[in-house]
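# Examining the three-dimensional arrangement
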Amino acid sequence: MGRPGAVAELRAVVARFLRDHAAGDERWCVALSGGPDSLALAAVAATVLPTNALIVDHRLQPDSSAIASTARDQAMAVGCVDAQILCIDVGTVGGPEAAARAARYRALEEARAGAPVLLAHTLDDQAETVLLGLGRGSGARSIAGMQPLDPPWYRPLLGVRRELTHGACAELGLTPWQDPHNIDRRFTRVRLRTEVLPLLEEVLGGGVAEALARTATALREDTDTLDGMAADVLAGQGATSQVAGLSTAELARLQEAIRRRVIRGWLLAGGAVGLTDKQIRAVNGLVTAWRGQGGVALPSAQPQMRLFAGRRKDMLILYTEPV
């Protein structure tokens, strides 16, 4: 049996979140994999407001269609007003985990029909995300983890441990799908979950996941403040399109943390995607360590074009070249 009161505790968390962020009786969506976290979220959300389950079939396993059908039946049984299966094709760009995630979010975006979407990421997922960011040296933004509010994506369970969602499913008599990928050591997150975090808990005396989540919250608050300041600077310069440049003299007057964020915002507005801290610092070097070096290659939203940031006299500019 599940932990007594798990459903009531989880419902209180979700009800409070939706009370703060839902407008009236609008319909929300919940991304449902059939696993314990999303199944528990769908079950309690459906008792708070009209909820439509969106079930992504990645078609990466022979029985994926049966798994999706079971999730649909469970969604209707727990009170969702509708349940839709989204069949997708997963590419290979960025590796299997990144490719599946990108394809999943595209499918959810297309199917949500303007409605907000609840995602079942828990505190444990947040801790893993912070560790990934630390290991990759991706900067404060990555270590800040996932945001609870990132419209249209909403994560009400970031303060909840997995044991609560598992307990809620048991209490409700629901049998969640156990994704074999969640125990496959080929995936980085699996090794973090099953090897790294338990070792850290042992060495540091427990409470590591909660500490990592608190770190993410503190960093996110700081990052949001700095991002707001950078956005004001960028708006003041009027550089919101790919054709506009940035004055290197104006940039040089800014504090380092603000300048890099101004550069990041400008690059994103100009068509860059998936920027890394290393790339942003390289463009920053065109301002702070200018020696006549060439442009910095950037990942582009247009795969048929190569995007570069360069310096021409006293301006940073963006330019493209065909692949």
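Residues numbered from 1 in each chain as written. Predicted model: local features only at pLDDT ≥ 70, side-chain atom pairs only at ≥ 80, totals over all residues. Heavy atoms only, no water.

## A few points about unusual backbone geometry
Here the residue pair Pro-151 and Pro-152 is connected by a cis peptide bond, since its omega of 10 degrees sits within 30 degrees of zero. Positive phi is not limited to glycine here, since Ala-113 has a value of about 55 degrees. When you line up the elements, Ala-113 lands in the loop between helix H4 (96–111) and strand S4 (117–118). (Helix = DSSP H or I, 4+ residues; strand = E, 2+ residues; numbered from the N terminus.)

## Notes on the pattern of salt bridges
The tally for this structure, following the rule as stated, stands at 18 salt bridges. A salt bridge links Asp-227 to Arg-261, with the nearest nitrogen and oxygen atoms 3.1 Å apart. One end of the pair, Asp-227, is in helix H9 (residues 208–237); the other, Arg-261, is in helix H11 (residues 256–269), with 34 residues separating them in the sequence. On the accessibility criterion, Asp-227 (21% relative accessible area) is partly exposed. When salt bridges that share partners are traced, they join Asp-125, Glu-128, Arg-162, Arg-189 and Arg-193 into one network. (Salt bridge = Lys/Arg side-chain N within 4 Å of Asp/Glu carboxyl O. Buried < 20%, exposed > 50% of the residue type's maximum accessible area, 1.4 Å probe, protein only.)

## Regarding helix H2 (residues 36–45)
Working note: α-helix, 3.6 residues per turn, so residues spaced by three or four point in the same direction. Within H2, ten of the ten residues are buried, which leaves the element mostly enclosed by the surrounding structure. The set of residues buried in H2 consists of Pro-36, Asp-37, Ser-38, Leu-39, Ala-40, Leu-41, Ala-42, Ala-43, Val-44 and Ala-45.

## A look at the sheet that holds strand S10 (residues 315–322)
One open sheet holds the four strands; their spatial order is S7-S10-S9-S8, and the pairing between them is antiparallel. Each of the sheet's edge strands pairs with one partner strand only, and the pair in question is strand S7 (246–247) and strand S8 (296–298). Here eight bridges tie strand S9 (residues 305–312) to S10, and the two strands are oriented antiparallel to one another. Paired with Ala-309 across the two strands is Leu-318, which belongs to S10. Here helix H12 (residues 277–288) sits on the sheet and contacts S8, S9 and S10; the angle it forms with S8, its principal contact strand, is near 145 degrees. (Pairing = 2+ DSSP bridges. Contact = heavy atoms within 4.5 Å. Axes fitted to C-alpha atoms, helices over the stretch in contact; angles between N-to-C directions.)

## Focus on the UniProt feature "domain: tRNA(Ile)-lysidine synthase substrate-binding" (unreviewed entry) in the protein
UniProt tags residues 246–311 as "domain: tRNA(Ile)-lysidine synthase substrate-binding" (unreviewed entry). For residues 246–311, helix accounts for 47% and strand for 18%, while the C-alpha atoms at its two ends are 9 Å apart. (UniProt positions renumbered as here; feature names shortened; annotations may be inferred.)

## Some points on the pairing of S9
Two strands pair when backbone bridges link them, and S8 and S9 are joined in this way by three bridges, in the antiparallel orientation. Each bridged residue has a counterpart across the sheet, and for Leu-298 the counterpart in S9 is Leu-307. In this structure, the hairpin formed by S8 and S9 is closed by a connection of six residues. Hairpin connection, S9 to S10: the antiparallel pair is bridged by two residues, and Lys-313 has positive phi, about 60 degrees.

## Notes on the sheet that holds S4
Pairing in this open sheet of six strands is mixed, and the strands run S3-S2-S1-S4-S6-S5 from one edge to the other. The sheet is open, and its two edges are formed by strand S3 (82–87) and strand S5 (149–150), each paired on a single side. Both strand S1 (residues 28–31) and S4 contribute to a ladder of two bridges, which runs parallel. From the neighbouring strand, Cys-29 faces S4, where its bridge partner is Val-117. Seen against the sheet, H2 touches S1, strand S2 (51–57) and S4 and runs at an angle of roughly 160 degrees to S1.

## Structural notes on the packing of aromatic side chains
Counted by the stated rule, this structure contains four aromatic pairs. On the basis of an interplanar angle of 80 degrees and a centroid distance of 6.4 Å, the ring pair of Phe-17 and Tyr-154 is categorised as edge-to-face. Linking Phe-17 in helix H1 (residues 6–21) with Tyr-154 in strand S6 (residues 153–154), this pair joins segments that are 137 residues apart in sequence. For Phe-17, a relative accessible area of 10% translates into the label buried. Assessed through its relative accessible area of 13%, Tyr-154 is described here as buried. (Phe/Tyr/Trp six-rings, centres within 6.5 Å; stacked < 30°, edge-to-face > 60°.)

## Overview of the packing of helix H5 (residues 123–136) against helix H8 (residues 188–204)
The geometry of H5 relative to H8 is characterised by a closest axis approach of 10 Å and an angle of 95 degrees between their N-to-C directions. The orientation of H5 with respect to H8, classified from their angle, is roughly perpendicular. Between H5, through Asp-125, Ala-127, Glu-128, Thr-129, Leu-131 and Leu-132, and H8, the contact on the second element is made entirely by Thr-188, Arg-189, Leu-192, Arg-193, Val-196, Leu-197 and Leu-200. (Parallel < 35°, antiparallel > 145°, perpendicular 65-115°, else oblique.)

## Details of H5
Given a rise of 1.5 Å per residue, 14 residues ought to cover 20 Å, and the 20 Å separating the end C-alpha atoms of H5 matches this to within 8%. Within H5, eleven of the 14 residues are buried, which leaves the element mostly enclosed by the surrounding structure. Buried-residue contacts for H5 involve H2, helix H6 (140–143), helix H7 (162–172), H8 and H9. Gly-137 lies just past H5 and shows a positive phi near 60 degrees. (Expected span 1.5 Å × (residues − 1).)

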